[in-house]
Amino acid sequence: MSKYIAKYEKQPSEVLPYVYTPQDDLEAGDTITSQTLTIVDASTGAASVSPGLNSESIAHGVLNDEQVVTMKLKEGVTGASYKCTIRVVTTLGYAYEDDFLVKVKEK
């Protein structure tokens with residue numbers, strides 16, 4: 001079983017949106033109050049810094065009646081993989097955390 005909820009590929013020059021939907025975990029009436037994104041090199045665990053994968057923006061909102069977090073990711077070194085950890089806190093005081101993998105690959 002994979003430790004990642006999803007795996008993605010992007011090119012170094014692309015700036016792409018990634019959407020996290022914890023909706024299945026949220027109780028009725030619960031909403032996201034804050035979100036954080038941590039990005040590390042998947043092979044070393046070192047924090048990602050430019051030209052590594054970086055977040056241009058991160059925001060929560062509602063999309064199709066579901067609570068979502070949208071992350072806009074940029075840069076990255078060709079051949080490198082990055083572990084992205086998204087953590088959200090809700091109005092009911094719950095905290096949810098998931099990991100996804102982004103591999104940077106020149107296509």
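Below you will find a few notes about this structure. (Residues numbered from 1 in each chain as written. Predicted model: local features only at pLDDT ≥ 70, side-chain atom pairs only at ≥ 80, totals over all residues. Heavy atoms only, no water.)

1. Concerning the pattern of salt bridges
Here is step 1 of the chain: A complete count under the given rule lists 3 salt bridges for this structure.
Here is step 2 of the chain: Residue Lys72 pairs with Glu56 through a salt bridge whose shortest N-O separation is 3.7 Å. Of the two residues, Lys72 is situated in strand 5 (residues 66–75) and Glu56 in strand 4 (residues 53–63); the sequence distance between them amounts to 16 residues.
Here is step 3 of the chain: For Lys72, a relative accessible area of 34% puts it in the partly exposed group.
Here is step 4 of the chain: Between Glu97 and Arg87 there is a salt bridge, with its nearest N and O atoms 3.8 Å apart. Of this pair, Glu97 sits in strand 7 (residues 95–104) while Arg87 sits in strand 6 (residues 81–90), and the two are 10 residues apart along the sequence. (Salt bridge = Lys/Arg side-chain N within 4 Å of Asp/Glu carboxyl O. Helix = DSSP H or I, 4+ residues; strand = E, 2+ residues; numbered from the N terminus. Buried < 20%, exposed > 50% of the residue type's maximum accessible area, 1.4 Å probe, protein only.)

2. Overview of the sheet that holds strand 1 (residues 7–10)
Here is step 1 of the chain: Strands sit in the order 1-7-6-3 across an open sheet of 4 strands; the sheet is mixed. The open sheet is flanked by strand 1 and strand 3 (32–41), the only strands paired with a single partner. Neighbour-to-neighbour, the strand axes of this sheet turn through a mean angle of 25°, independent of strand direction.
Here is step 2 of the chain: Pairing of strand 6 with strand 7, which is carried by 9 bridges, proceeds in the antiparallel orientation. From the neighbouring strand, Ser81 faces strand 7, where its bridge partner is Lys103. (Pairing = 2+ DSSP bridges. Axes fitted to C-alpha atoms, helices over the stretch in contact; angles between N-to-C directions.)

3. As for the sheet that holds strand 4
Here is step 1 of the chain: One open sheet accounts for 3 strands, arranged 2-5-4; its pairing is antiparallel. Each having just a single partner strand, strand 2 (16–20) and strand 4 make up the two edges of the open sheet. Within this sheet the neighbouring strands show an average axis-to-axis angle of 25°, counted without direction.
Here is step 2 of the chain: As paired elements, strand 4 and strand 5 share 10 bridges and run antiparallel to each other. Pairing of Ser57 across the sheet is with Lys72, part of strand 5.

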